[in-house]
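# Per-entry structural report
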Protein chains: 2
Amino acid sequence: MTAARTTPAPAGGAELGAPLGLRERKKLKTRLAIRESTYRLIEEQGYDATTIEQIAEGAEVSPSTVFRYFPTKEDIVLTDEYDPLMEQLLRERPAGEPIIESMRHVLRDAVGRIQSGGEAEQRELVLRTRLMVESVPVRARLMESMSMTGRIVCGVIAERTGRGADDFEVRVLAMGMMGALLESIMYWAERGCVDDLLDLVERALDIFESR
Amino acid sequence: MTAARTTPAPAGGAELGAPLGLRERKKLKTRLAIRESTYRLIEEQGYDATTIEQIAEGAEVSPSTVFRYFPTKEDIVLTDEYDPLMEQLLRERPAGEPIIESMRHVLRDAVGRIQSGGEAEQRELVLRTRLMVESVPVRARLMESMSMTGRIVCGVIAERTGRGADDFEVRVLAMGMMGALLESIMYWAERGCVDDLLDLVERALDIFESR
DNA sequence: CCATCTTTTGAGAGTCACTCTCATTTCATG
DNA sequence: CATGAAATGAGAGTGACTCTCAAAAGATGG
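The model shown is predicted, which means the values in this text are computed figures rather than measured ones. (Residues numbered from 1 in each chain as written. Chains lettered and ligands numbered in written order. Predicted model: local features only at pLDDT ≥ 70, side-chain atom pairs only at ≥ 80, totals over all residues. Heavy atoms only, no water.)

### Details of the overall build of chain A
Keep this limit in mind: Strands here are runs of E lasting at least two residues and helices are runs of H or I lasting at least four, both read from the DSSP assignment and numbered beginning at the N terminus. Radius of gyration means the value over C-alpha atoms here, while the globule rule gives 2.2 Å times the residue count to the 0.38 power. The rule is simple: take the accessible area with a 1.4 Å probe, protein chains only, and divide by the maximum for that residue type; under 20% is buried, over 50% is exposed, in between is partly exposed. Contacts: residue pairs with any heavy atoms within 4.5 Å of one another.
The helix and strand tally for chain A stands at 10 helices and 0 strands. Reading chain A from its N terminus to its C terminus gives the helix and strand order α-α-α-α-α-α-α-α-α-α. Its C-alpha atoms give chain A a radius of gyration of 18 Å, near enough to 17 Å, the size a compact globule of 211 residues would have. Counting only C-alpha atoms, chain A reaches 50 × 45 × 30 Å along its principal axes. Residue burial in chain A is summarised as follows: out of 211 residues, 47% are buried. A fraction of 70% describes how many contacts in chain A between residues 6 or more apart in sequence connect residues 24 or more apart.

### Comments concerning the interface of chain A and chain B
Interface size is often expressed as the accessible area that is lost when the parts come together. How we decide: Accessible area, probed at 1.4 Å, shrinks when two parts are joined; the buried area is that loss added up over both. Any Lys or Arg side-chain nitrogen found within 4 Å of a carboxyl oxygen on Asp or Glu counts as a salt bridge.
With 30 residues of chain A at the interface, the matching set in chain B holds 30 residues. Between chain A and chain B the total buried area reaches about 2,900 Å² when both faces are included, carbon and sulfur atoms providing 65% of it. Counting across the interface, chain A meets chain B through 10 salt bridges. With its nearest N and O atoms 3.2 Å apart, the salt bridge here joins Asp-166 of chain B to Arg-191 of chain A.

### Things to note about the protein's contact with DNA strand D
This is how it is decided: Summary of the distance rule: residues count as near a molecule or strand when at least one heavy atom falls within 4 Å of that molecule or strand. Any pair of N or O atoms that falls within 3.5 Å is considered a polar contact. Within protein, one atom must be able to donate a hydrogen and the other to accept it, and sequence-neighbouring residues count only if both atoms are side-chain atoms.
Taken together, 19 residues lie around DNA strand D, and Lys-27, Ser-62, Thr-65 and Arg-68 of chain A together with Lys-73 of chain B are the ones closest in. Contact between DNA strand D and Lys-27 of chain A: a phosphate oxygen at 2.7 Å from a side-chain N or O atom of the residue. Separating a phosphate oxygen of DNA strand D from a backbone N or O atom of Thr-50 of chain B is a distance of 3.4 Å. Looking at the surface near DNA strand D, the elements that each hand over two or more residues are helix 1 (22-45) and helix 3 (63-69) of chain A together with helix 1 (22-45) of chain B. At 4 residues, the largest contribution of residues to the surface near DNA strand D is made by helix 3 of chain A.

### Description of the UniProt feature "domain: HTH tetR-type" (unreviewed entry) in chain A
Spelled out, the test is: UniProt positions are given in the numbering used here, feature names are shortened, and annotations may be inferred rather than shown by experiment.
The positions UniProt marks with the feature "domain: HTH tetR-type" (unreviewed entry) are residues 28-88 of chain A. Between the C-alpha atoms that bound residues 28-88 of chain A the distance is 23 Å, and the span itself is 75% helix and 0% strand.

What follows is the structure, encoded as structure tokens:
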């Protein structure tokens, strides 16, 4: 759902064959350490009160290093790797299927994956979503990445319909859907993340579909 | 279209009776001076290269004063007073009319107003829209204000349908529409603002309406 | 016109995210 | 183990934004 766009990414894609040298393993660990330090601090004292310096200290790296791994503070919280996954799942759907139907399946899959994943993953999702309601910059960044997700959806729609990804109708449709989706997440977050997210998302798609 | 939310607002609303003392007139002038200084500098050297200090200098005020009038740099460019106007126009539409139809009329009215307005107003619109494509923070701020506009639309829909403004369906619908609208503006901006904006907006609504 | 009260302003110091540069450390490779 | 490449840390610098405080300027009653 959120765009992955960081400098030292985990070696583009999921090359299984790569044995991953010491260097790469260390990078992964650092990246994780920064994230965890950030999550912990934010839960303790909130987003605004948490400085990069504290995050660096907690992760036992220098502030410079934090910025080498994440371009902005918001990105530490928001960057994830769902977009490529979503794109893949989306492309796997039958080409004839209406896009909304495809999205429904894909989202069901994705949300299900998180919910059945580790507890840590769920806490992360909740924290991130909470931040999105509480912090203006985080929300802004999320919206930005939503619009990137929208471009991906555009790509898929375009492929299926034979139209260009830059086609006006395609873009308007995709972003309309994104708006509806984002709002359903907001709604969920505002109510303390206690409702069934999957249910909300599906309802949002229903609403969008039938008008 | 964009939310007005600044500290020294032009005396809330349009109280015609107020004779406007010297103090108020000065504030208005300062506000305008800051805006104009900003627009000029941005056109000359771009958004990022323009600092608050330069803006202040150009407007012949201190940097502190700039922040007293506008909470952030983005707000200098984006703050406008369309939201209240839109809300008013929207409420003036017949209650039975479908919301999309109402929006169509309101937008037609609003866009028309700008196009038939002064040339300065049009240049402003174009500059702002261009910035939205070029600058990440500006775009973020615009999205934020779009979601505020969405809340207003929610309010109107709620009134008409008798549902709460916090009703899930209402919110999803409103934000979906906003997404579609925003994307049509992006589309316009990306193509150099040469197409007919009104036409695009209406098409966006059509698309949104018929699915 | 003056005294007083309130609002607006400017100046300055301070915080924090983020950028750039450069020397040092650390891993990879033959 | 020597050599080259990549990652790190340290430090200085920029710019948006906040806060505080004293000076300036408009509003007000006499």
